[in-house]
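# Coordinate inspection notes
So the chains spell out like this:
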Amino acid sequence: MIYLNPVFFLKGNHYLLESLFMLKYMSNFKKYLELLEETINDPQFPINDNITSLSFLYVYNNKLNYHILEGTFAESEYLIPVVLDKIRLHSEHLDEHHEMLFYYKIACIYFGNEKYEESIFYLEKIINNKNLYVREDLACFSRILCLIAHYESGKDFNLENQLISTYKFLIKMNDLHEVQKEIIRFLKKLNTIYPSDIKKEFIKVKERFVELEKNTYEKRAFLYLDIISWLESKIENQKISDIIKEKAKLNNR
């Protein structure tokens, strides 16, 4: 049936991989991603422009997801020029939302690799896109991650104006979650905290986010932005990639 209904096969695999990503079920995620690639590369698998574009979308979207889940940001950078090249190649069959989603994941990889300038560059592509095809949650977390990237890069001289702009955007959203409100409240306070107190503040806000993560309604936000791992990296003075890698090992199943 795969060869009779290749589009259903591709979409079904994507939904499966998306579910495994949300469950952080890494061993099955890797297994089904490899099986998907293997089937697509089979000479008998049907090929046309639409199928080739969908194959690119679902395989590379999930390849980036796997590295984000695993914390292997440095190891995944080789994918970025490949993805950008394929976005141009498949531009006629790729809708704008999926293109922006690729930019967000590229920004996450650069952020995880502490390349904040590059991360900001791709986040601003989403933020400056006025097209309605960009989903509100994607636009929201792009703004929040951009604020954190500016803070990390030391370019926080304009943070207050960015915070105001981000907050105005958030209050226009129909579905503003507590996670988003808490992040904004925290970032607003950052510049007013004495350096000697900042670690205590990170610990306090981390405890708040750990509680929020238990809430099913709030859980989705943590898939867009692993704020807890970032806070832990600040508290423990470690790289965020090392924090996520350690969690991935403990969570591996």
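Before any of the text, the structure's been laid out above.
Residues numbered from 1 in each chain as written. Predicted model: local features only at pLDDT ≥ 70, side-chain atom pairs only at ≥ 80, totals over all residues. Heavy atoms only, no water.

## Examining helix 6 (residues 96-112)
- Compared with the 24 Å implied by 1.5 Å per residue over 17 residues, the 24 Å span of helix 6 between its first and last C-alpha is a close match.
- With 14 of 17 residues buried, helix 6 lies mostly within the body of the structure.
- The N-cap of helix 6, judged by a side-chain oxygen 3.0 Å from the amide nitrogen of His97 a few residues on, is Asp95.
- Trailing helix 6 by a residue or two, Glu114 shows a phi angle of about 65°, which is positive. (Helix = DSSP H or I, 4+ residues; strand = E, 2+ residues; numbered from the N terminus. Expected span 1.5 Å × (residues − 1). Buried < 20%, exposed > 50% of the residue type's maximum accessible area, 1.4 Å probe, protein only. Polar contact = N/O pair within 3.5 Å; in protein donor to acceptor, adjacent residues only side chain to side chain.)

## A look at the packing of aromatic side chains
- For the structure on display, the rule yields 13 aromatic pairs.
- On the numbers, 5.7 Å between centres and 40° between planes, the contact of Tyr103 with Tyr122 is tilted. With Tyr103 in helix 6 and Tyr122 in helix 7 (residues 116-127), this residue pair connects regions lying 19 residues apart in the sequence. Pair check on accessibility: Tyr103 and Tyr122 agree, each one buried.
- On the numbers, 6.4 Å between centres and 70° between planes, the contact of Phe186 with Trp230 is edge-to-face. You can see Phe186 sitting in helix 10 (residues 178-190) and its partner Trp230 sitting in helix 13 (residues 227-236), a full 44 residues away along the chain. Grouping residues by exposure puts Phe186 and Trp230 together as buried.
- A connected cluster of aromatic rings, assembled from ring pairs, spans Tyr103, Tyr110, Phe121 and Tyr122. (Phe/Tyr/Trp six-rings, centres within 6.5 Å; stacked < 30°, edge-to-face > 60°.)

## Topic: unusual backbone geometry
- Here the phi dihedral of Glu114 falls at roughly 65°; this positive angle occurs in a residue that is not glycine.
- Turning to its location among the elements, Glu114 is positioned in the loop between helix 6 and helix 7.
- Residue classification places Glu114 among the partly exposed positions, given a relative accessible area of 38%.
- Here the phi dihedral of Asn237 falls at roughly 55°; this positive angle occurs in a residue that is not glycine.
- Relative to the helices and strands, Asn237 resides in the loop between helix 13 and helix 14 (240-251).

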